[in-house]
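Per-entry structural report
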Amino acid sequence: MDRMNMQENPVLGLATGSTPEGIYQGFIQEYNKGKVSFKNVTTFNLDEYTGLKKDDPNSYCYFMNEKLLRHIDIAMERVHIPSGTAVDLKSECLKYERAIERAGGIDIQVLGIGENGHIGFNEPGASFSSRTHVVDLADSTIQANSRFFKSVDEVPKQAISMGIQTIMDSKEILLLISGEAKADAVAKLLEEEVSEDLPASILKKHANITVIIDEAAFKGTL
Ligand code: F6R
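Positions within a chain are numbered from 1, following the residues in the order the chain's sequence is written. For a predicted model such as this one, the threshold for reporting local features is a pLDDT of at least 70, and the threshold for listing and counting side-chain atom pairs is 80 or more; totals across whole chains, interfaces and linings nevertheless cover every residue.

Looking at the UniProt feature "active site" (unreviewed entry) in the protein chain
UniProt positions are given in the numbering used here, feature names are shortened, and annotations may be inferred rather than shown by experiment. Taking the UniProt record as the reference, the feature "active site" (unreviewed entry) is found at Asp47, Asn116, His118 and Glu123. Runs of H or I in DSSP of at least four residues are treated as helices and runs of E of at least two as strands, each being numbered from the N terminus. With respect to the element layout, Asp47 can be found in strand β3 (residues 47-49). It is the C-beta atoms, placed from the backbone, that decide contacts: two residues are in contact if theirs lie within 7 Å. Those residues in contact with Asp47 that sit more than four places away from it in its chain are Tyr60, Pro82, Gly120, Phe121, Ala159, Ile160, Ser161 and Met162. Along the chain, Asn116 falls in the loop between β5 (108-111) and β6 (133-136). The contact partners of Asn116, leaving out residues within four places of it in the chain, are Glu123, Pro124, Ala138, Ser140, Thr141 and Ala185.

In structure tokens, the structure reads:
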């Protein structure tokens, strides 16, 4: 929060999903109390499903509007979420990388972690040198995210995601881990070597990362 007030043009990387919702509520509360302004903040979201229109209630664009953006004074031209309906998805990915570069890189990236250890939608096996790209979602991710859809068949099979290198280039990372479903991934993170089979393991090499974890997610390791 201090950063938003002190830094001239902070660039925030944002995640969707259940885990960061509390942080976004906190942002809104502080904004409503007049303690923070988002006027000069630029944001880049980690990912977006392909094929869902911006106003689809399951799109990450819709999520961000509902959970944060429409409640604060951010300038919408500073908000970046990849377009999953772009005609040319590959060039959308390139454009996204360039926009991050032009903004001077991401100052703080908020991250969650998937049950399979994914970060963004970089599934196990994704290259550590990847940049924003189109990804095939793992079956486990489709299952995990089906809770938001009417049925598992409605979950898109692909997404645009910042690459692992894009995430690692962030100056600072805030990794949030919550819930028992993440306990296995956490145990692996602590026990296993850094490997592309466990995308989040690369975060051990980031020079400036803070991890906030709840008891349930830590359970498997006690
Ligand atoms: C979301 C994202 C994903 C989620 C992860 C955890 O933008 O990139 O990596 O952070 O799947 O999701 P939740 O928080 O719903 O458990």
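Details of the nonpolar core
We define the nonpolar core as any set of buried residues of the types Ala, Val, Leu, Ile, Met, Phe, Trp, Tyr and Cys, connected via C-beta atoms lying within 7 Å of each other. Here a residue counts as buried when 20 or more other C-beta atoms sit within 10 Å of its C-beta, as exposed when there are 12 or fewer, and as partly exposed otherwise, the C-beta atoms being derived from the backbone. Met64, Leu111 and Ile113 are the most contacted members of the largest nonpolar core, which has 48 residues in total. Look past the residues within four positions of Met64 in its chain and what remains in contact with it is Leu14, Thr16, Asn45, Leu69 and Ile81.

Observations regarding helix α7 (residues 183-191)
Where α7 is concerned, the buried positions are Ala183, Ala185, Val186 and Leu189. The buried residues of α7 occupy one face: seen down the axis, they fall within an arc of 160°. Looking at the buried side of α7, the elements it contacts are β8 (172-177), β9 (209-213) and α8 (215-218). For this quantity, the arc is that covered by the directions from the helix axis to the C-beta atoms.

Some points on the environment of Lys67
Structurally, the position occupied by Lys67 is in helix α3 (residues 60-67). Sequence separation of Lys67 and Phe149 is 82 residues, and the distance between their C-alpha atoms is 17 Å. Leaving out residues up to four positions away in the same chain, Lys67 has contacts with Glu21 and Tyr24.

Remarks on the site of the ligand
By convention here, the C-beta atom is placed from the backbone, and a residue is near a molecule or strand when that atom is within 6 Å of it. Taken together, 14 residues surround the ligand, and among them Thr16, Gly17, Ser18, Thr19 and Gly112 come closest. Polar here means any residue outside two lists: the nonpolar Ala, Val, Leu, Ile, Met, Phe, Trp, Tyr, Cys and Pro, and the charged Asp, Glu, Lys and Arg; Gly therefore counts as polar. For the shell around the ligand, the residue count by class is five nonpolar, eight polar and one charged.

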